[in-house]
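Residue-level listing of the chains:
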Amino acid sequence: AKLDGYERILSKQKYLAGDELTIVDLWHLPYAEMSEKFAPQVYEAHPKVNAWFKALKARPSWIKANEA
């Protein structure tokens, strides 16, 4: 599955491009939200990806952006 590579990366570091949040992580947010709605089981099978995504969604800036 495509998320296996993400799972390997996130098992070694906090974010996709290292230990700092970058545009790489932010670029994935809209797609991750959409896939979560249509295929939530994908995240259940990838605990590191799931934790990364939940942490991104919990960021105050993302919450505020979705209030608009």
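Use the structure listed above.
First, a word on scope: everything that follows refers to the structure included in this document. (Residues numbered from 1 in each chain as written. Predicted model: local features only at pLDDT ≥ 70, side-chain atom pairs only at ≥ 80, totals over all residues. Heavy atoms only, no water.)

1. Side note on the overall build of the protein
Helix and strand counts for the protein come out as five helices and zero strands. Going residue by residue from the N terminus, the α and β elements of the protein occur as α-α-α-α-α. For a compact globule of 68 residues, the expected C-alpha radius of gyration is about 11 Å, and the protein comes in at 12 Å, within 12% of that figure. Considering only C-alpha atoms, the protein reaches an extent of 35 × 30 × 15 Å along its principal axes. When each of the 68 residues of the protein is scored for burial, the buried share is 28%. Within the protein, contacts between residues at least 6 apart in sequence are counted, and of these 56% link residues at least 24 apart. Accessible area for the protein stands at about 4900 Å²; split by element, carbon and sulfur atoms hold 60% of it. Between the centroid of the 10 positive side chains of the protein and the centroid of its 9 negative side chains there is a distance of 1 Å. (Helix = DSSP H or I, 4+ residues; strand = E, 2+ residues; numbered from the N terminus. Rg over C-alpha atoms; globule rule 2.2 N^0.38 Å. Buried < 20%, exposed > 50% of the residue type's maximum accessible area, 1.4 Å probe, protein only. Contact = heavy atoms within 4.5 Å. Areas by Shrake-Rupley, 256 points an atom, 1.4 Å probe, with all protein chains shown as cover. Lys, Arg positive; Asp, Glu negative; His and termini not counted. Charge placed at Lys NZ, Arg CZ, Asp CG, Glu CD.)

2. Re the packing of helix H1 (residues 3-10) against helix H4 (residues 47-57)
Their axes nearest at 8 Å, the elements H1 and H4 cross at an angle of 75 degrees. For the element pair H1 / H4, the angle class is roughly perpendicular. Within the contact between the two elements, H1 uses Leu3, Tyr6, Glu7 and Leu10 and H4 uses Pro47, Lys48, Val49 and Trp52. Its residues placed into classes, the contact of H1 with H4 shows six nonpolar, no polar and two charged. (Axes fitted to C-alpha atoms, helices over the stretch in contact; angles between N-to-C directions. Parallel < 35°, antiparallel > 145°, perpendicular 65-115°, else oblique. Nonpolar A, V, L, I, M, F, W, Y, C, P; charged D, E, K, R; others polar.)

3. Some thoughts on the packing of aromatic side chains
Enumeration over the complete set of coordinates arrives at two aromatic pairs. Judged by centre distance (4.9 Å) and plane angle (40 degrees), the rings of tryptophan 27 and tyrosine 31 are tilted. Of this pair, tryptophan 27 and tyrosine 31 both sit in helix H2 (residues 23-38), four residues apart, which is roughly one turn of the helix. Its relative accessible area of 47% is what places tyrosine 31 among the partly exposed residues. With centroids separated by 5.3 Å and ring planes inclined at 25 degrees, the aromatic side chains of tyrosine 43 and phenylalanine 53 adopt a geometry described as stacked. Taken together, the residues span a long stretch of sequence, with tyrosine 43 in helix H3 (residues 41-44) and phenylalanine 53 in helix H4 at a distance of ten residues. Pair check on accessibility: tyrosine 43 and phenylalanine 53 agree, each one buried. (Phe/Tyr/Trp six-rings, centres within 6.5 Å; stacked < 30°, edge-to-face > 60°.)

Functional significance is not addressed by these values, which are geometric in nature.
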